[in-house]
Amino acid sequence: MLKRFLKICLLIAVFPSPSFSFQANTSTLITNNPKEIIDQVWQIIYRDFLDYSGKYKAEDWIKLRKEILSSKYFENNDAYIAIKNMLTGLDDPYTRFLDPKEFDEMRIDTTGELMGVGIQISLDEVNNQIVVVSPIEGTPAFLAGIKPKDIIVSIDGNPIKGLSIDSTVKLIRGKKGTKVELGIIRDDEFLNVSLIRDRIEINVVDSRINNTVLGAKIGYLRLKQFNAKSPKEMGLSINKLEKQQPFGYVLDLRSNPGGLLEASIEIARQWINTGIIVSTKTKDGITDIRRAKSRALTNRPVVVLIDEGSASASEILSGAIKDNKRGLLVGKKTFGKGLVQSVRSLSDGSGLTVTVAKYLTPSGKDINKNGIEPDIRVDLLLNDKNRLTNSDLGTLKDSQYVAAENILLKKFKDEGNKNSYNPLKSNLVYALHK
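> Talk me through the overall build of the protein chain; I want residue IDs and the actual numbers.
When helices and strands are tallied, the protein chain shows 13 helices and 21 strands. Sorting the 434 residues of the protein chain into buried and exposed places 54% on the buried side. A total accessible area of about 19500 Å² is found for the protein chain, and carbon and sulfur atoms account for 50% of it.

Have a look at this one:
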């Protein structure tokens, strides 16, 4: 049911869904090891942190360094507590410290093999609530009917008000086969949802050819997440469908919460032959512009499906397609997560995810908190919401897909009319070639 389908941290592996880039940190400034870890974090924030909340002041940060390094730390756990307290003042839920175990789990997550219940969450900064962005398809959360915008208010009967994303994640994670109960609020109704934790391996692309009444073949590709496997899977899927010579494609990014920045750029290059894909701006105003490389795998028409669960890397891809006039966007306004995080490893095996930039679409639009508007707004019909299953996505039961297919079929008919000889019109060139 679409209550299982619709619409940034993975609770299979939870991390916020702004796009990630990985970068090692080799700073070793202080001989005392716990203090060294603290100072590495301090240096990264001072050098690279992009403040979008307005709470960060360089002079206060310099003063804080003197205070925290004047204290004694007997073991790394003492340093971890100090770091987390230090980062709290930034008021940025996406700049987070991860101990060595959490850091290893996060790196595993981006490979496409995840552990947990399969929900992606974000912190609502206005209400300070943990909100579901999307369940991962086929996971315990997806099968239990968890929906986008569900608000998590309790775990195993214990209220989580005021807890950070990190703390929430630790409560939800656990061994495979164990149970966790989430208390959620949906449309002002409280629900208890019981989930069994599991290991999750994600196949990120579903693809097939849909035959239409007009005889045109439509390639349907659904991309679920941007991880390390995504570009390869997408490329293989496009090449496979190209052999069947579809008229055009429907690229489904609904409920895709994003992931790796580089994955979104590489996939965009498979669809866009020339033009800007995305630009990033750091706190110093430096703009890194990423472009297509004249190696698109197809030039056939494409319509992209988006919704409120399409976030981060999904917004990079859909924004690039829209601004380059490569295709049309159909559905609903996207989530609005336009921040880039760099993932830094620290000297003891711990790590830091730090907000370092915001990304802009090719036309210069700031996506964060704004989202991307579709070219054609299409809601899912009420009946669809009540009955749509995973197997119905990308079929005639899916009203948003039908709208996308109709756009392609109109283009197919228009091109057919152009190539048909009409004796009542001047079409001499066509007639002579016949």
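> Tell me about the packing of aromatic side chains, and please be specific about residues and values.
Per the counting criterion, the structure on display carries eight aromatic pairs. Note on Tyr 80 and Phe 97: the rings are 4.9 Å apart at their centroids and 45° apart in plane angle, and the pair reads as tilted. Of the two residues, Tyr 80 is situated in helix α4 (residues 76–88) and Phe 97 in strand β3 (residues 96–98); the sequence distance between them amounts to 17 residues. Given the relative accessible area of 2%, Phe 97 is considered buried.

> Explain the packing of helix α2 (residues 33–48) against helix α3 (residues 58–69) to me, and be specific about the residues and the numbers.
Put simply, α2 and α3 touch, their axes get as near as 11 Å, and they point 175° apart. Comparing the axis directions of α2 and α3 gives the class roughly antiparallel. Where α2 abuts α3, its residues Lys 35, Ile 38, Asp 39, Trp 42, Gln 43, Ile 45 and Tyr 46 lie against Ala 58, Trp 61, Ile 62, Arg 65, Ile 68 and Leu 69. The residue makeup of the contact of α2 with α3, split by class, is nine nonpolar, one polar and three charged.

> Tell me about the packing of helix α8 (residues 230–242) against helix α9 (residues 261–271), and please be specific about residues and values.
Taken N-terminus to C-terminus, the directions of α8 and α9 make an angle of 15°; their axes are 9 Å apart at the nearest point. Compared by their axis directions, α8 and α9 come out roughly parallel. For the element pair α8 and α9, the recorded crossing hand is right-handed. Judged by residue contacts, Ser 230, Pro 231, Met 234, Gly 235 and Ile 238 of α8 engage Ala 263, Glu 266, Ile 267, Gln 270 and Trp 271 from α9. Grouping the constituent residues of the contact of α8 with α9 by class yields six nonpolar, three polar and one charged.

> Before we move on, could you go through the side chain of Thr 298 and cite the residues and values that matter?
Within the element layout of this structure, Thr 298 appears in the loop between β16 (287–291) and β17 (302–306). Within the structure, Thr 298 has its side chain in polar contact with the side chain of Glu 242 (distance 3.0 Å). Reaching out from Thr 298, the side chain makes a polar contact with the backbone nitrogen of Arg 300 at a distance of 3.1 Å. The contacts of Thr 298, once residues within four sequence positions are left out, are Ile 238, Glu 242, Tyr 249, Gln 270, Trp 271 and Arg 326.

> So what's going on with the pattern of salt bridges? Residues and values would help.
Evaluation of the coordinates by the stated rule reveals 19 salt bridges. Of the charged contacts, one joins Asp 48 and Arg 47 as a salt bridge, the two residues approaching to 3.3 Å between their closest N and O atoms. Taking the relative accessible area as the measure of exposure, Arg 47 reaches 41% and is therefore partly exposed. Here Asp 398 makes a salt bridge to Arg 254, at a shortest N to O gap of 2.6 Å. Note that Asp 398 is positioned in the loop between α11 (382–387) and α12 (399–418) and Arg 254 in the loop between β14 (248–252) and α9, a separation of 144 residues in sequence.

> Please give an account of the confidence of the model for the protein chain that cites residues and values.
Per-chain confidence: the protein chain averages 86 in pLDDT, with 86% of residues scoring 70 or above. For the stretch residues 1–18, pLDDT sits under 50, and the model shows 112 contacts to residues farther than four places along the chain or on other chains. Taken as a whole, residues 24–32 scores under 50 in pLDDT and shows 19 contacts with residues more than four places along the chain or in a different chain.

Conventions used here
The residue numbering used here restarts from 1 in each chain and proceeds along that chain's sequence as written. Confidence filtering applies because this is a predicted model: local features only for residues at pLDDT of at least 70, side-chain atom pairs given and counted only at 80 or more, and all residues used for totals across whole chains, interfaces and linings. Hydrogens and waters are ignored; side-chain quantities use all the structure's heavy atoms. In this text, helices come from DSSP runs of H or I with a minimum length of four residues, and strands from runs of E with a minimum of two, each type numbered from the N-terminal end. Relative accessible area decides the class of each residue, using a 1.4 Å probe on protein chains only: under 20% of the type maximum gives buried, over 50% gives exposed, and in between gives partly exposed. Computed with a 1.4 Å probe, the accessible areas rest on the Shrake-Rupley method; for each residue, only the protein chains presented here act as cover. Pairs were defined over the aromatic rings of Phe, Tyr and Trp, the Trp ring being its six-membered one, requiring ring centres within 6.5 Å. Orientation was assigned from the angle between planes: stacked under 30 degrees, edge-to-face over 60, tilted for the rest. Working convention: axes come from line fits to C-alpha atoms, limited for helices to the stretch in contact. Angles between N-to-C directions cover 0 to 180 degrees. Any angle that falls under 35 degrees is termed roughly parallel, while one over 145 is termed roughly antiparallel, one within 65 to 115 roughly perpendicular, and all others oblique. Contacts are residue-level and defined by heavy atoms, with any inter-residue pair within 4.5 Å sufficient. We call Asp, Glu, Lys and Arg charged. Ala, Val, Leu, Ile, Met, Phe, Trp, Tyr, Cys and Pro are nonpolar, and the rest, Gly among them, are polar. Crossings are classed by handedness, with left-handed meaning an anticlockwise turn of the near helix from the far one by less than a right angle and right-handed meaning a clockwise turn. Distance and chemistry together define a polar contact, namely a pair of N or O atoms within 3.5 Å, with one atom able to donate a hydrogen and the other to accept it when in protein, and with adjacent residues in sequence counting only for side-chain atoms on both sides. The term salt bridge refers to a pairing of a side-chain nitrogen on Lys or Arg with a carboxyl oxygen on Asp or Glu at a separation within 4 Å. As a per-residue measure, pLDDT tells how confident the predictor is, with possible values from 0 to 100.

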